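Architecture and fold: a report
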Amino acid sequence: MMGLGNNVFLPMTYDPGDVSHDSDQPVRGSWEFLALKKPVSKIKQKIRVEICVQFAKVGEIDTLKEQYAADVVIKAKWREPALDGQTITTADAIDWKKYWNPKIYIENTIGDPKEKISYRVLHNDEGHAFVVEKRRVKGVFMENLELDDFPFDVQDLTITVASELPSFEVELIEDIEEHHLVNRQSFVDEQEWHLYMHTETERKEFYIEKSEATIKRSALSVKCRAARRPGYFVWNIFMVTFLICSLCFATFSVDKNRPHNRLQLSFTLMLTAVAFKSVVNQSLPKISYLTYMDKYLLASMIMLSTICAWHGIVTTISNKDGSADRIENIVLTALAVIYILYNVGFIFMIYLFPCKRRRLMNLKDREYREQLSLDKCFSPTRY
């Protein structure tokens, strides 16, 4: 086969039986070439799909399983030139299978969520048509919780919207004309969490197949945030642990010549602290790093262990000239000062780091409310 330009030449076999010997036409040999026009491939233009996510209802946030339940509304809007100038806007009058679709889905769902999808067509002043796909999804969503600041943590609740089409065909972007919304009134877990009203978006790309690293798909992550209410843990874990560890200094009132009584009291307090540590572990996933509560409980257990060790060491010190009493008074004062300074420093660290993020979230809420007020006064629309 030979080619020239956009023409393709195909070989054809000559059959002598098809040619009459009486014909005046000369025989042209055993090969004949037929020129066919080669179709020119069209380059598809990347279509931008505008995404708007509304958190209609946020359900229970499960820290142990690292997931949360929610009812969300996802609006996808894209340009459809084939519907320009038409007055039909109802979904029942249009066969949507004949038109292009970005094939939107949610990346971080768990199980089979319930979905309800509807379509409509909007036209701007120039008659350009835009298809709006409204998808209501109710289900459970996966979220990798960052628990370093537990129980003073602020968690992201993310909805990742992706397309099944490759990124060179479709691009998911944020809808600049319609804000993402968070319905705080229907928040189920209000007793344990505080839900913020602002949202943030992040554009991502995923690989369709690991074997084909060059093909990606576009995605858009929309996140709202919730801050844990730490009151339950402060009064039931931190305060009780502080009282238990403070009682260990009362063991110094027992005569040092009766170390078995001192150790008995100290070990009882130690086992109580271990029991509290087990209760905390039941409310957290198995993570490889320490939370703020872990650090406080471990510090209290170290203090209890140090006091237990001292009650064993003091028996080896001679008290002929009262040196053992003086040394014990110094040790008691030093341990008490260290424990008080640690608690003060711990409260200061909480104010500097975990509470700083909460202050930042409150600032973003104020900015979001101000932006909504401005948009209500000056809101240019295309439709």
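Described below are features of the structure shown in this document. Every chain begins its residue count from 1, and numbering advances along the sequence as written. Under the rules for a predicted model, residues below a pLDDT of 70 receive no local features and side-chain atom pairs below 80 are neither given nor counted, while totals for whole chains, interfaces and linings still include all residues. Note: side-chain values were computed over all heavy atoms of the structure, leaving out hydrogens and water.

With that settled, the discussion passes to the overall build of the chain. We count a stretch as a helix when DSSP gives it H or I for four or more residues in a row; a strand needs E for two or more, and each element gets its number in order from the N terminus. The helix and strand tally for the chain stands at 5 helices and 13 strands. Here the chain holds 383 residues, and the buried ones make up 38% of them. Two residues qualify as a contact provided that any one of their heavy atoms is within 4.5 Å of a heavy atom in the partner residue. Across the chain, every contact between residues at least 6 apart in sequence was considered, and the portion connecting residues at least 24 apart equals 74%. A total of about 23400 Å² of accessible surface is found on the chain, and carbon and sulfur atoms cover 57% of it. Only protein chains enter the accessibility calculation, which uses a 1.4 Å probe; a residue whose area is less than 20% of its type maximum is buried, one above 50% is exposed, and one in between is partly exposed. Surface exposure here means Shrake-Rupley accessible area, sampled with a 1.4 Å probe, where a residue is shielded only by the protein chains that are shown.

A few words on the pairing of strand 10 (residues 170–174). Counting buried positions along strand 10 yields 4 of 5 residues, so the element is predominantly enclosed. We call two strands paired when DSSP finds no fewer than two bridges between them. Pairing between strand 4 (residues 47–62) and strand 10: 5 bridges, direction parallel. The residue bridging R48 from the neighbouring strand is E171, located in strand 10.

A few words now on the environment of Q282. Inspection of the secondary structure assignment puts Q282 in helix 2 (residues 259–282). Among the residues examined, Q282 registers a relative accessible area of 62% and is labelled exposed. Note: C-alpha distance between Q282 and L64 (218 residues apart in sequence) is 8.0 Å.

Moving on, we come to the packing of helix 1 (residues 231–247) against helix 3 (residues 292–313). Between the N-to-C directions of two axes lies an angle of 0 to 180 degrees, each axis being a line fitted to C-alpha atoms and, for a helix, fitted only over the stretch in contact. Where helix 1 contacts helix 3, the axes come no closer than 10 Å and their chain directions differ by 15°. Here helix 3 runs roughly parallel to helix 1, going by the angle between their axes. Crossing of helix 1 over helix 3 shows left-handed handedness. Two secondary-structure elements touch here, helix 1 through F233, I237, F238, T241, F242 and C245 and helix 3 through M293, Y296, L297, S300, M303 and L304. Angles are sorted into four bins: roughly parallel if under 35 degrees, roughly antiparallel if over 145, roughly perpendicular if 65 to 115, and oblique for all others. By the definition used in this description, the sense in which the near helix is turned from the far one sets the handedness, with an anticlockwise turn below a right angle giving left-handed and a clockwise turn giving right-handed.

This part takes up the nonpolar core. Counting 36 residues, the largest nonpolar core has I51, F55, V72 and I159 as the members making the most contacts within it. Sorting the residues of this core by element identifies strand 4, strand 5 (67–79), strand 6 (104–106), strand 8 (129–142), strand 9 (154–166), strand 10, strand 12 (193–209) and strand 13 (212–228) as the ones contributing at least two each. If sequence neighbours within four positions are ignored, V72 has contacts with Q54, F55, A56, I106, R135, R136, V137, F141 and I159. One finds F150, A273, V331 and L335 within the second-largest nonpolar core, a separate group that totals 33 residues. Nine residue types can take part in a nonpolar core, namely buried Ala, Val, Leu, Ile, Met, Phe, Trp, Tyr and Cys, and a core is a set of them joined through side-chain atoms within 4.5 Å.

Glancing now at the pattern of salt bridges. The salt bridge definition used is simple: a Lys or Arg side-chain nitrogen within 4 Å of an Asp or Glu carboxyl oxygen. Considering all chains together, one arrives at 23 salt bridges under this definition. The partner of R228 in a salt bridge is D153, with the nearest N and O atoms 2.8 Å apart. Within this pair, whereas R228 is found in strand 13, its partner D153 is found in the loop between strand 8 and strand 9, the two being separated by 75 residues in sequence. There is no split in this pair, since R228 and D153 are both buried.

For the rest of this paragraph, the subject is helix 4 (residues 323–352). Along its 30 residues, helix 4 runs 43 Å from first to last C-alpha, staying within 8% of the 44 Å computed at 1.5 Å per residue. Listing the buried residues of helix 4 in full gives S323, A324, E328, V331, L335, Y339, N343, F346 and I350. In the core, the buried residues of helix 4 are packed alongside helix 1, helix 2, helix 3 and helix 5 (354–377). A helix is expected to span 1.5 Å multiplied by its residue count minus one.

This part is about the environment of K204. Along the polypeptide, K204 turns up in strand 12. Along the chain, K204 and K216 lie 12 residues apart, while their C-alpha atoms are 9.8 Å from each other. With residues up to four places along the chain from it excluded, the contact list for K204 reads R217, S218, A219 and S221. For this analysis, a polar contact is any N or O atom pair within 3.5 Å, provided that within protein one partner can donate a hydrogen and the other can accept it, and provided that sequence-adjacent residues contribute only side-chain to side-chain pairs. A distance of 3.4 Å separates polar atoms of two side chains, one belonging to K204 and the other to S221.

Here we take up the packing of aromatic side chains. Put simply, two rings from Phe, Tyr or Trp (the six-membered ring, in Trp's case) pair if the centres are within 6.5 Å, and we call them stacked under 30 degrees between planes, edge-to-face over 60, tilted for the rest. Tallying each qualifying case throughout the model produces 15 aromatic pairs. Ring centres of W96 and Y119 lie 5.0 Å apart, and the angle between their planes is 25°; this geometry places the pair in the stacked category. Highlighted residues: W96 in the loop between strand 5 and strand 6 and Y119 in strand 7 (residues 109–123), separated in sequence by 23 residues. We classify W96 as buried; its relative accessible area is 17%. Arranged with centres 5.8 Å apart and planes meeting at 40°, the rings of F238 and F346 form a pair that is tilted.

Looking now at unusual backbone geometry. At the junction of F150 and P151, the peptide bond is cis and its omega measures out at 5° in the coordinates. By the element assignment, P151 lies in the loop between strand 8 and strand 9. The phi dihedral of E66 falls on the positive side, at around 55°, and the residue is not glycine. Tracing the backbone shows E66 in the loop between strand 4 and strand 5. Given the relative accessible area of 23%, E66 is considered partly exposed. Residues other than glycine seldom take positive phi values, yet K103 does so here, at roughly 55°. Considering the arrangement of structural elements, one finds K103 in the loop between strand 5 and strand 6.

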